[in-house]
Amino acid sequence: MHGPNLDRARLSARLASIVRAFDATFVEREAPARMLLLALVAGQHVLLLGPPGTGKSMLARAASEAFASDPAAPREGTADDRVRYFEYLLTRFSHPDELFGPLSIQGLKDEDYRRLTDGYLPDAHIAFLDEVFKASSAVLNTLLGILNERVFHCGARRLRVPLIGLVGASNEAPQLGDPASEAAGGDGLAALWDRFLVRLDIAPIEDAEAFVSVVTGQRPALTIAEADRLHLSELHAIRREAAGVAVPRAFADALVALRDGLSALGIAASDRRFRQAVELARVAAWTSGRDEVGPVELLLLGSCFGIPGQSDGALRGLLGRTVDALVLPSLSARLEAAWEAVEGDEEARDVEAAYAARLARVDAFERELDQREAELLTQRDALFTAIAESPWLDLAPGRLAAAFVLARRELEAYREVARRHRAELGGETTAFSTAPGAAVDAQLARMKKVQALSREGRERDPREARDLEVALWLMPPDSDPDAWIPVSNNGFLLFDAAPLIAGRIQRKLIDRATSEGRELDEATEWHRTVTTLVLDPACWWALLSDWPSLQHFLADRGIAPGSPALSALRALSGELRRAGVPRLPPRPSVDLAPSRDPRDPDRAR
């Protein structure tokens with residue numbers, strides 16, 4: 001139980017029943033009807049904007065049917081003991097008497113200035129004013145006091161009014177910057193516009209079948225069960241209980257982001273408007289069974305800002321981004337930081353330990369992805385459950401569903417590059433491999449990039465490379481001689497000249513075998529003729545180490561001290577190190593372009 005005789009679960013069920021009754025009667029009005037009802041429950045005023053004949057007055061009258069009197073409360077004057085509805089069409093010539101009641105003749109005889117307000121706006125719980133922006137300044141001045149403070153100034157009297165909420169209607173928003181349009185009301189017109197917290201666009205029916213069902217009278221009249229109607233005492237209890245709904249830090253940050261975004265779009269939003277919006281959000285959360293506001297409530301605040309039908313696109317995009325940030329806080333930043341940590345500080349003294357450490361960090365990153373994906377699914381399920389349980393949202397916005405899809409796509413993009421990096425590092429286990437798949441190709445590509453520029457920063461002429469003396473050949477693991485790369489005596493890799501150089505060597509081998517009168521064993525003769533070095537991960541590690549470490553490694557690989565091969569590898573090592581080439585394959589970049597589709601899916605159902 002929450003408050004005297006107020007069962008929150010039962011209340012939520014009653015609200016859902018009222019909403020279903022509205023859905024049965026009104027077509028293509030699901031979202032406006034819910035926001036209208038929510039605003040009245042929260043004690044806020046509503047503006048309906050739309051062309052004539054779109055059912056604005058019908059919605060206002062129907063909304064009054066959702067509320068009922070308190071049967072046990074006696075009627076005493078204007079006490080809140082029953083729901084009273086007032087409706088009026090304003091013109092420029094509307095007199096205050098028409099809205100606030102005529103002056104009391106008996107009061108004037110007694111020198112007591114007062115109005116007979118029974119049956120007029122000051123006596124109403126719910127009021128509907130059509131063409132509200134056509135009110136004269138005399139009407140506006142009194143109306144603003146009623147909207148602002150729920151107070152009616154009548155001569156020396158200051159009377160409290162029982163108004164739950166006022167529903168205004170207009171065919172279009174006022175041109176607040178146009179002096180001509182404000183001539184009648186002055187600043188009061190802008191003030192009146194600002195008093196409507198919820199502003200709703202009521203458009204003509206679009207769907208053909210729905211249109212036919214309305215114009216042929218097939219829609220049933222609104223019927224709300226007496227047991228489902230909300231009593232006035234319950235409204236006060238709801239607002240009292242909702243005042244205790246928590247506003248988490250994340251939601252507060254979202255409000256700040258929304259305020260800043262509105263300012264950037266040139267949409268005015270006062271501090272008072274935000275305070276009332278938070279009150280509305282609290283009522284929405286409490287009546288949905290939640291004790292703190294969250295993404296569902298933030299989705300409802302789009303109707304509290306901007307001009308319906310004019311700023312919808314920009315506002316929808318801003319609200320969508322704000323909700324995304326609230327639902328998926330810093331997911332992209334956390335994934336990016338976790339992926340950067342994979343590279344780490346390579347402090348290992350040998351290649352096997354370095355590869356094992358990198359693979360361990362890839363393992364940790366993949367565990368992080370699993371955890372984030374599980375959290376994402378939990379958040380998605382919780383959010384869509386909350387939307388389904390809320391009586392105030394008719395469906396989940398397409399953008400919100402898309403946000404989770406794009407987040408999953410982002411996770412998969414990181415998962416794919418992690419798999420690719422694991423393959424580069426040597427396979428599916430943390431055991432060291434002397435043939436780590438794509439790693440050798442990546443190393444050769446880095447070498448080629450470094451050697452593309454000479455030490456003076458100029459491109460080396462390929463014809464010059466062909467004339468250089470070959471000191472040794474680099475052998476990718478498990479490759480045939482066609483894939484070997486010659487290295488010049490000054491450490492230059494002769495990629496393009498490899499076929500020409502190999503052909504010359506082969507001709508020399510044939511000539512030698514012929515002159516000696518023996519059969520050519522090409523593979524044996526090749527190895528006897530040239531110096532080779534297997535370019536495996538250990539070799540790559542050594543090439544990027546200091547000179548003593550490289551010299552010791554090459555000695556173990558049979559490169560003789562003082563040989564041209566040793567000098568060539570020392571030169572190659574220095575050039576690679578000066579270029580900042582990493583020892584281990586660098587992390588692959590993550591292409592998130594497909595996950596950041598700028599298209600707005602808000603209208604998807």
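I will try to describe carefully the structure that is included in this document. These figures come from a predicted structure and were not determined experimentally.

1. Describing the environment of V323
Looking at the secondary structure, you find V323 in helix α13 (residues 312-327). For V323, a relative accessible area of 1% puts it in the buried group. Separated by 72 residues in sequence, V323 and F251 place their C-alpha atoms 9.3 Å apart. Setting aside chain neighbours within four positions, we find V323 in contact with P295, L298, L299 and L400.

2. Considering unusual backbone geometry
Even without a glycine there, the phi angle at E131 is positive, about 50 degrees. Checked against the element boundaries, E131 lands in the loop between β4 (126-130) and α6 (137-149). Of the residues examined, E131 reaches a relative accessible area of 12% and is grouped as buried.

3. Comments concerning empty space enclosed by the protein
The tally for this structure, following the rule as stated, stands at 2 cavities of 30 Å³ or more. When its volume is computed, the largest cavity comes out at roughly 50 Å³. Around the largest cavity sit L15, I18, V19, L37, V41, A66, F67, L230 and W392, which together line it. Among the elements of the structure, α1 (8-25) and α2 (30-41) are those that each provide at least two residues to the lining of the largest cavity. A total of 3 residues in the lining of the largest cavity trace back to one element, the largest contributor, which is α1. Its residues placed into classes, the lining of the largest cavity shows 9 nonpolar, no polar and no charged. Computed from the structure, the second largest cavity encloses a volume of approximately 30 Å³. Every residue lining the second largest cavity is listed: M447, V450, Q451, G491, L493, L572, E575 and L576.

4. Description of the layout of surface pockets
Its volume calculated, the second largest pocket comes out at about 610 Å³. Every residue lining the second largest pocket is counted, 28 residues in all, and those nearest its centre are A42, G43, Q44, R150 and R239. In terms of residues, the lining of the second largest pocket owes the most to one element, helix α11 (residues 271-287), which gives 6 residues.

5. Considering the packing of helix α9 (residues 232-242) against α11
Packing of α9 against α11 leaves a shortest axis separation of 9 Å and a crossing angle of 100 degrees. Between α9 and α11, the crossing angle belongs to the class labelled roughly perpendicular. Across from I238, E241 and A242 in α9, the residues of α11 making contact are R282, V283, W286 and T287. The class makeup of the residues in the contact of α9 with α11 is 4 nonpolar, 1 polar and 2 charged.

6. A word on the pattern of salt bridges
Overall, the coordinates contain 30 salt bridges when judged by the stated rule. Note that R84 and D123 form a salt bridge whose closest N and O atoms lie 3.2 Å from each other. Remark: D123 occurs in the loop between α5 (105-109) and β4 and R84 occurs in the loop between β2 (67-68) and β3 (85-89); sequence separation between them is 39 residues. Across the pair E373 and R415 runs a salt bridge whose closest N-O atoms are separated by 3.0 Å. Of this pair, E373 sits in helix α15 (residues 351-389) while R415 sits in helix α16 (residues 398-425), and the two are 42 residues apart along the sequence. Each member of the pair, E373 as well as R415, is classed as buried. Because the salt bridges share partners, they merge into one network encompassing D370, E373, R408, E412 and R415.

7. Looking at the pairing of strand β10 (residues 470-475)
With 5 of 6 residues buried, β10 lies mostly within the body of the structure. In this structure, β10 lies alongside strand β12 (residues 532-534), joined through 3 bridges in parallel fashion. Bridge pairing in β12 places L474 opposite L533.

8. Description of the packing of aromatic side chains
This model, assessed by the stated rule, comprises 10 aromatic pairs. A connected cluster of aromatic rings, assembled from ring pairs, spans F86, Y88 and Y120. Seen from the ring of W547, R570 lies directly overhead, with NZ or CZ sitting 4.2 Å from the centre.

9. Points about the side chain of S12
Along the chain, S12 turns up in helix α1. Using a relative accessible area of 16% as the deciding quantity, one classes S12 as buried.

10. Topic: a positive patch on the surface
A surface patch of positive charge is lined by R504, R507, K508 and R512. Assessed through its relative accessible area of 38%, R504 is described here as partly exposed.

11. Looking at the sheet that holds β3
In space, the 5 strands of this open sheet follow the order β3-β4-β7-β1-β8, with parallel pairing throughout. Either end of the sheet is taken by a strand with one partner, and the two such strands are β3 and β8 (198-201). Across the sheet, the mean angle from the axis of one strand to that of its neighbour is 15 degrees, orientation sign disregarded. Of the strand pairs in this sheet, β3 and β4 are connected by 5 bridges, and their pairing is parallel. When the bridges of β4 are listed, L89 appears paired with D130. Across the sheet, helix α3 (residues 56-64) touches β1 (46-49), β3, β4 and β7 (165-170), and the angle it forms with β4 is around 175 degrees.

So, how was this worked out
- Residues numbered from 1 in each chain as written.
- Predicted model: local features only at pLDDT ≥ 70, side-chain atom pairs only at ≥ 80, totals over all residues.
- Heavy atoms only, no water.
- Helix = DSSP H or I, 4+ residues; strand = E, 2+ residues; numbered from the N terminus.
- Buried < 20%, exposed > 50% of the residue type's maximum accessible area, 1.4 Å probe, protein only.
- Contact = heavy atoms within 4.5 Å.
- 1 Å grid on protein atoms, 1.4 Å probe; cavity = no way out; pocket = protein on both sides within 12 Å on 5 of 7 lines; lining within 4 Å.
- Points joined across faces, edges and corners; volume = space filled by probe spheres on them.
- Nonpolar A, V, L, I, M, F, W, Y, C, P; charged D, E, K, R; others polar.
- Axes fitted to C-alpha atoms, helices over the stretch in contact; angles between N-to-C directions.
- Parallel < 35°, antiparallel > 145°, perpendicular 65-115°, else oblique.
- Salt bridge = Lys/Arg side-chain N within 4 Å of Asp/Glu carboxyl O.
- Pairing = 2+ DSSP bridges.
- Phe/Tyr/Trp six-rings, centres within 6.5 Å; stacked < 30°, edge-to-face > 60°.
- Lys NZ or Arg CZ within 6 Å of the ring centre and 35° of its normal.
- Patch = residues over 30% accessible without salt bridge, like charges linked within 9 Å, V, L, I, M, F, W, Y side chains within 5 Å.
- Areas by Shrake-Rupley, 256 points an atom, 1.4 Å probe, with all protein chains shown as cover.
- Lys, Arg positive; Asp, Glu negative; His and termini not counted.
- Charge placed at Lys NZ, Arg CZ, Asp CG, Glu CD.

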